[in-house]
Amino acid sequence: MDFLAYYPYLKMGSIVVLHDIALNHYSTNLEGFATKLLLDTVVAEKSFDIDSEGESINIGAFKITEDTGKYINDVFSALTITWKYSPDDAEVSLYRKIYEQHYSQENIRCFDMAVKLNRCTLNKRIPSKRSQFTKLFKHVERLMDKNIYIYGCGNYGKQFYHMLEECSINLKGYIISDGEKKTEAENGEKIYWLSEVKLDKDNDLLYLGVNSNLCKEICAELNKRKINEYVIPDKAMFEFITN
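1. Digging into the sheet that holds strand 5 (residues 170–176)
On the basis of which strands lie adjacent, the open sheet formed by five strands has the order 6-5-4-7-8 and parallel pairing. Of all strands in the sheet, those bounded by a partner on one side alone are strand 6 (191–193) and strand 8 (230–231). Inspection of the sheet shows strand 7 (residues 204–208) paired to strand 8 by two bridges, in the parallel sense. Note on strand 8: the bridge partner recorded for tyrosine 207 is valine 231. Against the sheet, helix 9 (residues 212–224) makes contact with strand 4 (147–151), strand 7 and strand 8, and its axis sits at roughly 150° relative to strand 7, the strand it touches most.

Structural data, given as C-alpha cells:
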C-alpha cells in the first residue's frame, strides 16, 4: 500500500530498496511476507543478495522501468492476499484518496475489494483464535498436577515437549517404543524405552506426541501393556504447533 502511494512520484530509473524480504523465515511472524510479495509482483529490474551459504540476507531492490506502470495492476491484485491486520478507516481513506488521483477505477475497485475481503476474514479469525486459546488452556490445565512423559521423540514430540515446558508442566522425559534407537535429545532430556518406565497411575501421565495417524497404532500397543491412562492431543494442539 505504501509503495502504490509513492510510486507516482518516483522518477524513471529510481531504485526502491526493500528490507525484511525473508521476515517470515527470520522471525516468529509467519505472515511477514508483504515486502517479498511486492518484490515478486512488481514488474521492474530486480536484484537481491544471497550469501555464500545460499541464504537470502533479507534485502532486495528493484529499479523502476517503463513496464512498472504498465503492469501496476499486479501489485493491486497482490493486496487481495490475507492481511495480518487491518488499517483503520482514516488510514484506508487516506490511501484511497491518493490512489484516486493516479490510478484507474479498476485499480480502485481492486483496492476496495481487498479491504472488504480482509476485514471480513479478520473478523472471522478473531473468534476462531479465541476459541483455540480456550481449548489450549483447558487442554494444558489437565496436565498441571501430573508428571508428564511425552511418547515420541520426533518432530511432533519435541514440539509438544517444549510447548508444555514453557507452560511449567512437570516433564519427566520422552518415551519411545522398545527397540527404537535412542537419539540424542536437544537439551539433554531423558529418553526411555516403554518397558523401562513404570507409570504411577496417580501421579504420572503419558502424552502422545506423535502424528495423529500413528495414534491408533500406539494406543493399541499401550492397551496391550494395560496402560489405559494417556492423553491424545486434540486438533487445536496440532494446529497450534504446525501453524
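2. Quick word on the pairing of strand 4
Most of strand 4 sits out of view: four of its five residues are buried. Of the strand pairs in this sheet, strand 4 and strand 5 are connected by five bridges, and their pairing is parallel. Residue pairing in the sheet places isoleucine 148 in a bridge with leucine 171 of strand 5. Handedness of the crossover joining strand 4 and strand 5 through helix 8 (residues 155–166) is recorded here as right-handed. Sheet topology note: the strand 4/strand 7 ladder contains five bridges and is parallel. Along strand 7, the bridge assignment pairs tyrosine 151 with leucine 208.

3. Description of helix 6 (residues 89–102)
For helix 6, with 14 residues, the first-to-last C-alpha span of 20 Å sits near the 20 Å given by 1.5 Å per residue. Taken as a whole, helix 6 has its buried residues at Val92, Tyr95 and Tyr99. The buried residues of helix 6 occupy an angular sector of 65° when projected down its axis, which confines them to one face. Of the exposed residues in helix 6, those oriented more than 90 degrees away from the buried face are Asp89, Ala90, Leu94, Lys97 and Gln101. Two or three places before alanine 90, at the start of helix 6, stands the capping residue aspartate 88, its side-chain oxygen 3.2 Å from that residue's backbone nitrogen.

4. Quick look at the nonpolar core
As a rule of thumb, soluble globular proteins bury nonpolar side chains together. By size, the foremost hydrophobic cluster in this structure holds 26 residues, and its most contacted members are Phe3, Leu4, Phe62, Ile72, Phe76, Tyr99 and Phe111. It is helix 7 (residues 105–141) that provides the largest number of residues to this core, a total of five residues. Other than its neighbours up to four places away in sequence, isoleucine 72 contacts Phe3, Leu4, Tyr7, Tyr103 and Asn107. In terms of nonpolar packing, the next biggest core, distinct from the first, is built from 20 residues, Val140, Ile169, Tyr174 and Tyr207 among them.

5. Some thoughts on the environment of threonine 35
The topology assignment puts threonine 35 in helix 3 (residues 34–41). A sequence separation of 165 residues divides threonine 35 from aspartate 200, and the C-alpha atoms of the two residues are 53 Å apart. A distance of 3.3 Å separates the side chain of threonine 35 from the backbone oxygen of histidine 19, its partner in a polar contact.

6. Focus: the packing of aromatic side chains
One pass over the structure, following the stated rule, counts 11 aromatic pairs. Centroid distance phenylalanine 76 to tyrosine 99: 5.5 Å. Interplanar angle 75°. Geometry classified as edge-to-face. Placement of the pair is phenylalanine 76 in helix 5 (residues 73–78) and tyrosine 99 in helix 6, with a sequence separation of 23 residues. As far as burial versus exposure is concerned, phenylalanine 76 and tyrosine 99 are alike and both buried. Taking 6.0 Å as the distance between ring centres and 75° as the angle between the ring planes, the aromatic pair formed by tyrosine 149 and tyrosine 192 counts as edge-to-face. Residue tyrosine 149 is found in strand 4, and its partner tyrosine 192 is found in strand 6; the two are separated by 43 residues along the sequence. A relative accessible area of 22% means that tyrosine 192 is categorised as partly exposed. Three or more aromatic residues joined by ring pairs form one cluster here, namely Phe76, Tyr95, Tyr99, Tyr103 and Phe111.

7. Describing the layout of surface pockets
Quantified by volume, the largest pocket comes out at close to 870 Å³. Surrounding the largest pocket, 28 residues form its lining, Met1, Asp2, Ala34, Thr35 and Tyr85 being those nearest its centre. Breaking the lining of the largest pocket down by element, the ones donating at least two residues are helix 1 (2–6), helix 3, helix 5 and helix 6. A breakdown of the residues in the lining of the largest pocket according to their chemical character gives 18 nonpolar, five polar and five charged.

8. Remarks on unusual backbone geometry
Residue aspartate 20 is not a glycine yet carries a positive backbone phi of 65°. In this structure aspartate 20 comes out as partly exposed when scored by relative accessible area, which is 25%. In this model, lysine 226 sits at a positive phi of 60°, which is unusual for a non-glycine residue. Within the secondary structure layout, lysine 226 lies in the loop between helix 9 and strand 8. Residue classification places lysine 226 among the exposed positions, given a relative accessible area of 69%.

About the cut-offs
- Residues numbered from 1 in each chain as written.
- Predicted model: local features only at pLDDT ≥ 70, side-chain atom pairs only at ≥ 80, totals over all residues.
- Heavy atoms only, no water.
- Pairing = 2+ DSSP bridges.
- Helix = DSSP H or I, 4+ residues; strand = E, 2+ residues; numbered from the N terminus.
- Contact = heavy atoms within 4.5 Å.
- Axes fitted to C-alpha atoms, helices over the stretch in contact; angles between N-to-C directions.
- Buried < 20%, exposed > 50% of the residue type's maximum accessible area, 1.4 Å probe, protein only.
- Right-handed = clockwise from strand over helix to strand, strands pointing away.
- Expected span 1.5 Å × (residues − 1).
- Arc of directions from axis to C-beta.
- Polar contact = N/O pair within 3.5 Å; in protein donor to acceptor, adjacent residues only side chain to side chain.
- Core = buried A, V, L, I, M, F, W, Y, C linked by side-chain atoms within 4.5 Å.
- Phe/Tyr/Trp six-rings, centres within 6.5 Å; stacked < 30°, edge-to-face > 60°.
- 1 Å grid on protein atoms, 1.4 Å probe; cavity = no way out; pocket = protein on both sides within 12 Å on 5 of 7 lines; lining within 4 Å.
- Points joined across faces, edges and corners; volume = space filled by probe spheres on them.
- Nonpolar A, V, L, I, M, F, W, Y, C, P; charged D, E, K, R; others polar.

As far as function goes, none of this settles anything; it's purely spatial.
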